[in-house]
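So the chains spell out like this:
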Amino acid sequence: MTASIPAASPHVMNTYGRVPIALARGQGSRVWDVNGKEYLDGLGGIAVNTLGHNHAKLVPALQDQITKLIHTSNYYHSPLQEQLAAKLVELSGMTNVFFCNSGLEANEAALKIARKFGVDKGIAKPEIVVYEKAFHGRSIATMSATGNPKIYSGFGPLVEGFVRVPLNDIEAIKQATEGNPNVVAVFFETIQGEGGINPMRVEYLQQLRKLCDERGWLMMIDEVQCGMGRTGKWFAHQWAGIVPDVMPLAKGLGSGVPIGAVVAGPKAANVLQPGNHGTTFGGNPLAMRAGVETIRIMEEDGLLQNATTVGEHLRAALQRELGSLSGVKEIRGQGLMLGIELNKPCGALIGRAAEAGLLLSVTADSVIRLVPPLILTTAEADEIVAKLTPLVKAILAE
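Residue positions are given per chain, counted from 1 along the sequence in the order it is written. With the structure being a predicted model, the display of local features is reserved for residues of pLDDT at least 70 and the display and counting of side-chain atom pairs for 80 or more, all residues being used for whole-chain, interface and lining totals. To obtain the side-chain values, all non-hydrogen atoms of the structure were used and water was disregarded.

Checked against the element boundaries, M143 lands in helix α5 (residues 140–145). Throughout, exposure labels follow a simple rule: accessible area from a 1.4 Å probe, protein chains only, divided by the maximum for the residue type, with under 20% read as buried, over 50% as exposed, and the rest as partly exposed. Using a relative accessible area of 3% as the deciding quantity, one classes M143 as buried. Residues are treated as being in contact if the distance between any of their heavy atoms lies within 4.5 Å. Look past the residues within four positions of M143 in its chain and what remains in contact with it is G137, R138, I151, Y152, F155 and L158. Strands are runs of DSSP state E lasting at least 2 residues, helices are runs of H or I lasting at least 4, and numbering of each runs from the N terminus.

A word on the packing of aromatic side chains. Think of it this way: a Phe, Tyr or Trp ring, Trp meaning its six-membered ring, pairs with another when their centres are within 6.5 Å, and the plane angle makes it stacked under 30 degrees, edge-to-face over 60, tilted otherwise. Applying the stated criterion across every chain yields a total of 3 aromatic pairs. Both rings, one in Y131 and one in F188, keep their centres 5.9 Å apart while their planes meet at 70°; by these two values the pair is edge-to-face. Here Y131, found in strand β5 (residues 127–131), pairs with F188, found in strand β7 (residues 183–189); they are 57 residues apart in sequence, far enough to count as distant. Each member of the pair, Y131 as well as F188, carries the same accessibility label: buried. Between the aromatic rings of Y131 and Y204, the centroid separation amounts to 6.4 Å while the plane-to-plane angle is 90°, which identifies the pairing as edge-to-face. Taken as a pair, Y131 in strand β5 and Y204 in helix α8 (residues 202–215) lie far apart in primary sequence, 73 residues in all. With respect to class, Y131 is no different from Y204; both count as buried. Taken together, the ring pairs connect Y131, F188 and Y204 into an aromatic cluster. The rule is short: NZ of Lys or CZ of Arg within 6 Å of the ring centre and within 35 degrees of the ring normal puts a charge over the ring. A cation over an aromatic ring shows up here: R25 above the ring of W32, its NZ or CZ 4.2 Å from the ring centre.

Further remarks concern the packing of helix α11 (residues 348–355) against helix α12 (residues 378–397). Where α11 meets α12, the axes come as close as 10 Å, and the angle between the chain directions of the two elements is 140°. In this view, α11 runs oblique relative to α12, as classed from their interaxial angle. Where α11 crosses over α12, the handedness of that crossing is right-handed. Residues A348, L349, R352 and A353 of α11 form the contact with α12, whose participating residues are L391, V392 and I395. Residue classes in the contact of α11 with α12 are distributed as 6 nonpolar, no polar and 1 charged. Where helices are involved, their axes are fitted lines through C-alpha atoms of the stretch in contact, as for all axes, and angles between N-to-C directions lie from 0 to 180°. For classification purposes, an angle smaller than 35 degrees is called roughly parallel, one larger than 145 roughly antiparallel, one from 65 to 115 roughly perpendicular, and anything else oblique. The hand of a helix crossing depends on one turn: near helix anticlockwise from the far one by less than a right angle means left-handed, and clockwise means right-handed. Asp, Glu, Lys and Arg are counted as charged, while Ala, Val, Leu, Ile, Met, Phe, Trp, Tyr, Cys and Pro are counted as nonpolar; the rest, among them Gly, fall into the polar class.

Our next topic: the sheet that holds strand β13 (residues 328–334). The strand order β13-β14-β17-β16 describes an open sheet built from 4 strands, whose pairing is antiparallel. Lying at the two open borders of the sheet, with one neighbouring strand each, are β13 and β16 (361–363). Neighbour-to-neighbour, the strand axes of the sheet open up by a mean angle of 25°, direction not taken into account. Pairing between strand β14 (residues 337–342) and strand β17 (residues 367–370): 4 bridges, direction antiparallel. Bridge pairing in β17 places I340 opposite I368. The rule for pairing is simple: two strands pair if DSSP sees at least two bridges between them.

Bringing the packing of helix α2 (residues 58–66) against helix α9 (residues 285–300) into the picture now. Each pair of packed helices gets described by two things: the angle between the helix axes and the distance between those axes. Relative orientation of the contacting elements α2 and α9 amounts to 155°, with a least axis distance of 10 Å. In this view, α2 runs roughly antiparallel relative to α9, as classed from their interaxial angle. Handedness of the α2/α9 crossing: right-handed. Contacts from L58, A61, L62, D64, Q65 and I66 of α2 reach α9 at P285, L286, R289, A290, E293, T294 and I297. The class makeup of the residues in the contact of α2 with α9 is 8 nonpolar, 2 polar and 3 charged.

As a further point, take the pairing of β13. Summarising the sheet, β13 and β14 pair through 6 bridges and their orientation is antiparallel. Each residue of the ladder has a partner; that of V328, found in β14, is L342. Between β13 and β14, which pair antiparallel in sequence order, lie 2 residues; one of them, G335, sits at a positive phi of approximately 60°.

This part takes up the side chain of S366. Take S366: it is sitting in the loop between β16 and β17. Taking relative accessible area as the criterion, S366 reaches 13% and is therefore assigned buried.

Tracing the sequence through the fold places D213 in helix α8. Along the backbone, D213 and A172 are 41 residues apart, and their C-alpha atoms lie at a distance of 18 Å. The definition of a polar contact used here is a pair of N or O atoms within 3.5 Å, where within protein one atom must be able to donate a hydrogen and the other to accept one, and adjacent residues in sequence count solely through side-chain atom pairs. In terms of polar contacts, D213 uses its side chain to reach the side chain of R209, at 2.8 Å.

For the rest of this paragraph, the subject is the UniProt feature "binding site: N(2)-acetyl-L-ornithine" (unreviewed entry) in the protein. UniProt positions are given in the numbering used here, feature names are shortened, and annotations may be inferred rather than shown by experiment. In the numbering adopted here, UniProt assigns the feature "binding site: N(2)-acetyl-L-ornithine" (unreviewed entry) to R138 and T279. Summarising the element assignment, R138 is placed in the loop between β5 and α5. Taking relative accessible area as the criterion, R138 reaches 58% and is therefore assigned exposed. Contact partners of R138, with chain neighbours within four places excluded, come to L104, M143 and I151. Within the secondary structure layout, T279 lies in the loop between β12 (260–264) and α9. Apart from residues no more than four positions distant in its own chain, T279 is found in contact with N74, F98, F99, N101 and E105.

Quick look at the structure:
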């Protein structure tokens, strides 16, 4: 009998509370650890692995790109950058794109756009409206915009210039900004991810778009986690029929290859000029090819419709099996971005689910987050529910 290979990383900085498994390979919506145990991937690399693992159309395209160019420099034009930017402009109805490497970098760039937008209008100290329970990243600036004390505690002083308001309350934002001439932008996630799968209501988004137009603010929508088809539309705000002025993207855009983007509309498209912002790795040919091919495959394989169909099936099954339990507060979200809120902390579920062959996460202490690959089938959705149901019942009974 072969001895089990332990999961340990003694030379890696201890910044994560890791589950004691080490993953070795994947296929579709499944992964295997170094000891050969199989898991159904209900986390998708935290909404990153749009096409699952080892996709038959994506892998050859990336192999082809590696034989051509992996990286050059932004001193030169990049045909793949223009190709991906043109596609994102088409899908969003916006104007142009800046490419970077991650959601944090995209959000940081958005904050810089907002500040320069204000300074260019003569506002010496621009301020940005942000939200309770928001998560925008872990740099000093994005951490300061984040609404979770666990993220920013111990790293003070924070960056100033943020006005924080509650979700889905248009009167609250009006009151918080009343008589303040320094406000230049509103920055939010259409569906908060790390904050607990908290959606902005359609009517609130529409009210907010109107308010931004009335007051000359930039509407900046962080679609890093909820974008790229996860809710059944390319971008989650499109369910409200609105168009933002600034839209950071990342995660699912490259199906696992690190990529970030900031899409800008007419009000923000020309704020940044040469010398104002830049990146070494951002927009490299490998990442751009990953983005181009991801979108192409999503269109060819109808993955937006799949996210809607399988997402509705998964949500209905979760509601049927768990919704009536006294300890389940709410099942919410859209498409393949779902949260199950319990009435008690449930972080222990991450490890227990892994033992049962299911990968998931817990956010905001008590919300089970499911963000599987967009290739998930209804049979796999049923498998998620079958594995998860007894675990939830057990933790609620404790």
